[in-house]
Amino acid sequence: MAVRGLVLLVAFAAVISGVFSYTRPRRRETLSISLPADQDSTTPEQAHVSVVGEDKMRISWTTKDSSPTTVEYGTSPGQYDSSANGTTTSYKILLYKSGQIHDVVIGPLNPSTAYYYRCGLNTSREFNFTTTPAQLPIKFVVVGDLGQTGWTQSTLEHIGQSNYDMLLLPGDLSYADLWEPRWDSYGRLVEPLASQRPWMVTQGNHEVETILLGKPTPFLAYNHRWRMPFEESGSTSNLYYSFNVAGVHVIMLGSYTDFDHNSAQYKWLEGDLKSIDRNKTPWVFALVHAPWYNTNFAHQGEKQSVGMKASMEDLLYENLVDVVFAGHVHAYERFTRVYQDQANNCAPVYITIGDGGNREGLATKYMEPQPKISIFREASFGHGELEIVNATHALWTWHRNDDDESVIADSVWLNSLASNSACGSS
């Protein structure tokens, strides 16, 4: 009877606490993806692509030993009527020495076109990618704090089913944290997707990788492995840049480099925002790592959030930035349009999406009561999809990883601020 009474008591407690509510998932194992045994030292691996300007693509890959830094490409499998050469780099951190990191820019390319390519004149592997559209509509995947766990694998499988045009990642990629072989494992893990669609990334705290007094050099691995098109936007640093794609201007900001009013990043951002032509790019998005708005107990009061918001929020508001995406907090949260902590119809929507699948687990504790500016929040792994339908309307959906199924748990239609006459013009 005592056991039966205990069972009933537990069952009653479950009912009154909401037994039918969503049960948050536990952590999953950290993955380690090794180089296949049948690959030789010049076989290309860890391939990923990123846009350069509006009609070129950067192909990046790694080999164990030296090989030609050449990409051959064409629009039919096995037929390569064009080629380009690039540069090779490598780096050392502590006792680790990277392989040869190759970087080739190809183009001009046609929009919305499948290209087939091989790297380093190696005939053992053929890759393919599809270029982004020249005009709207366009579909983005947005995911942060990806890491490399069983949950990461689930997230990547869902992303692969989404038929997206470009992936945006607001920091925290491999979670190497100075154990550099994790960068190689991460490159192999994401290659099936990152070699087929452009992945545009910015850095997070896990990319800093320093021990003491700036040693090793901050962002050394990140800058070698994930070179973004910063020069094309007038930036002097791979840690912040911008680009146009279809009818969208995307700004990638650096939470872990200087951002005060006297900084190079701030002055660059001022100029970049002034250069936007809203007739050409009616939508403007910004990505940071550390969120400026956050009702989770995790990462409260950090200078990368509080200080960057104090420095740059006015700029984004005055220039009608539509959405600001962030990571860092391992959960999902969507705010209304907000400026200086108040709802404002002419301000950005703020979305935290640091829930890709990292090894540190979820941030499950939120402040109560939920502030009115916080519309939806949940500590679950998942990813977001942003479909820009036309110059005025876009659909945002957040896809929760529910028992390895991709479930839409939050969605909202957005109107571009450039189309809102009440907001004026930037």
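Since we're looking at a predicted model, the values are computed, not measured. (Residues numbered from 1 in each chain as written. Predicted model: local features only at pLDDT ≥ 70, side-chain atom pairs only at ≥ 80, totals over all residues. Heavy atoms only, no water.)

**What about the state of the cysteines?**
At step 1: In the structure shown here, the tally under the stated rule is one disulfide.
At step 2: The residue that forms a disulfide with Cys346 is Cys423, at a sulfur-sulfur distance of 2.1 Å. Every disulfide takes its handedness from the sign of the S-S torsion; for Cys346 and Cys423 that torsion is -90°, giving left-handed. One end of the pair, Cys346, is in the loop between β19 (342-343) and β20 (349-353); the other, Cys423, is in the segment after β24 (405-415), with 77 residues separating them in the sequence.
At step 3: With a relative accessible area of 14%, Cys346 lands in the buried category.
At step 4: Here Cys423 falls in the buried class, since its relative accessible area comes to 13%. (Disulfide = S-S within 2.5 Å. Helix = DSSP H or I, 4+ residues; strand = E, 2+ residues; numbered from the N terminus. Buried < 20%, exposed > 50% of the residue type's maximum accessible area, 1.4 Å probe, protein only.)

**Remarks on the packing of helix α5 (residues 264-274) against helix α6 (residues 303-318)**
At step 1: Where α5 contacts α6, the two axes come as close as 10 Å, and the packing angle between them is 15°. Relative to α6, α5 is oriented roughly parallel. Of the two elements, α5 crosses α6, and the hand of that crossing is right-handed. Two secondary-structure elements touch here, α5 through Gln265, Tyr266, Leu269, Glu270 and Leu273 and α6 through Met308, Ser311, Met312, Leu315 and Leu316.
At step 2: A class-by-class count of the residues in the contact of α5 with α6 yields seven nonpolar, two polar and one charged. (Axes fitted to C-alpha atoms, helices over the stretch in contact; angles between N-to-C directions. Parallel < 35°, antiparallel > 145°, perpendicular 65-115°, else oblique. Left-handed = near helix turned anticlockwise from the far one by under 90°. Contact = heavy atoms within 4.5 Å. Nonpolar A, V, L, I, M, F, W, Y, C, P; charged D, E, K, R; others polar.)

**Topic: the packing of helix α2 (residues 150-160) against helix α3 (residues 181-194)**
At step 1: In contact at an axis separation of 10 Å, α2 and α3 are set at 10° when each is read in the N-to-C sense. With respect to their mutual orientation, α2 and α3 come out roughly parallel. Contacts between α2 and α3 involve Thr152, Gln153, Leu156, Ile159 and Gly160 on the former and, on the latter, Leu189, Val190 and Leu193.
At step 2: Of the residues in the contact of α2 with α3, the class split is five nonpolar, three polar and no charged.

**Notes on the packing of aromatic side chains**
The relation between two aromatic rings is expressed through the spacing of the ring centres and the mutual angle of the planes.
At step 1: Scanning the model with the defined rule gives 21 aromatic pairs in all.
At step 2: An angle of 90° between the planes, with centres 6.4 Å apart, marks the rings of Trp183 and Tyr186 as edge-to-face. Here Tyr186 and Trp183 lie together in helix α3, a separation of three residues that amounts to about one turn.
At step 3: Residue Trp183 is classed as buried on the basis of its relative accessible area of 1%.
At step 4: Residue Tyr186 is classed as buried on the basis of its relative accessible area of 0%. (Phe/Tyr/Trp six-rings, centres within 6.5 Å; stacked < 30°, edge-to-face > 60°.)

**Concerning the pattern of salt bridges**
At step 1: One pass over the structure, following the stated rule, counts 15 salt bridges.
At step 2: Across the salt bridge formed by Arg125 and Glu191, the nearest N and O atoms sit 2.6 Å from each other. Taken together, the positions of Arg125 in the loop between β9 (114-119) and β10 (127-130) and Glu191 in helix α3 put the pair 66 residues apart, joining distant regions of the chain.
At step 3: Taking the relative accessible area as the measure of exposure, Arg125 reaches 22% and is therefore partly exposed.
At step 4: The exposure class of Glu191 is buried, given its relative accessible area of 9%.
At step 5: Its salt-bridge partner being Arg225, residue Asp184 comes within 3.2 Å of it at the nearest N-O pair. Highlighted residues: Asp184 in helix α3 and Arg225 in helix α4 (residues 220-225), separated in sequence by 41 residues.
At step 6: You can call Asp184 buried: its relative accessible area is 12%.
At step 7: In this structure Arg225 comes out as buried when scored by relative accessible area, which is 5%. (Salt bridge = Lys/Arg side-chain N within 4 Å of Asp/Glu carboxyl O.)

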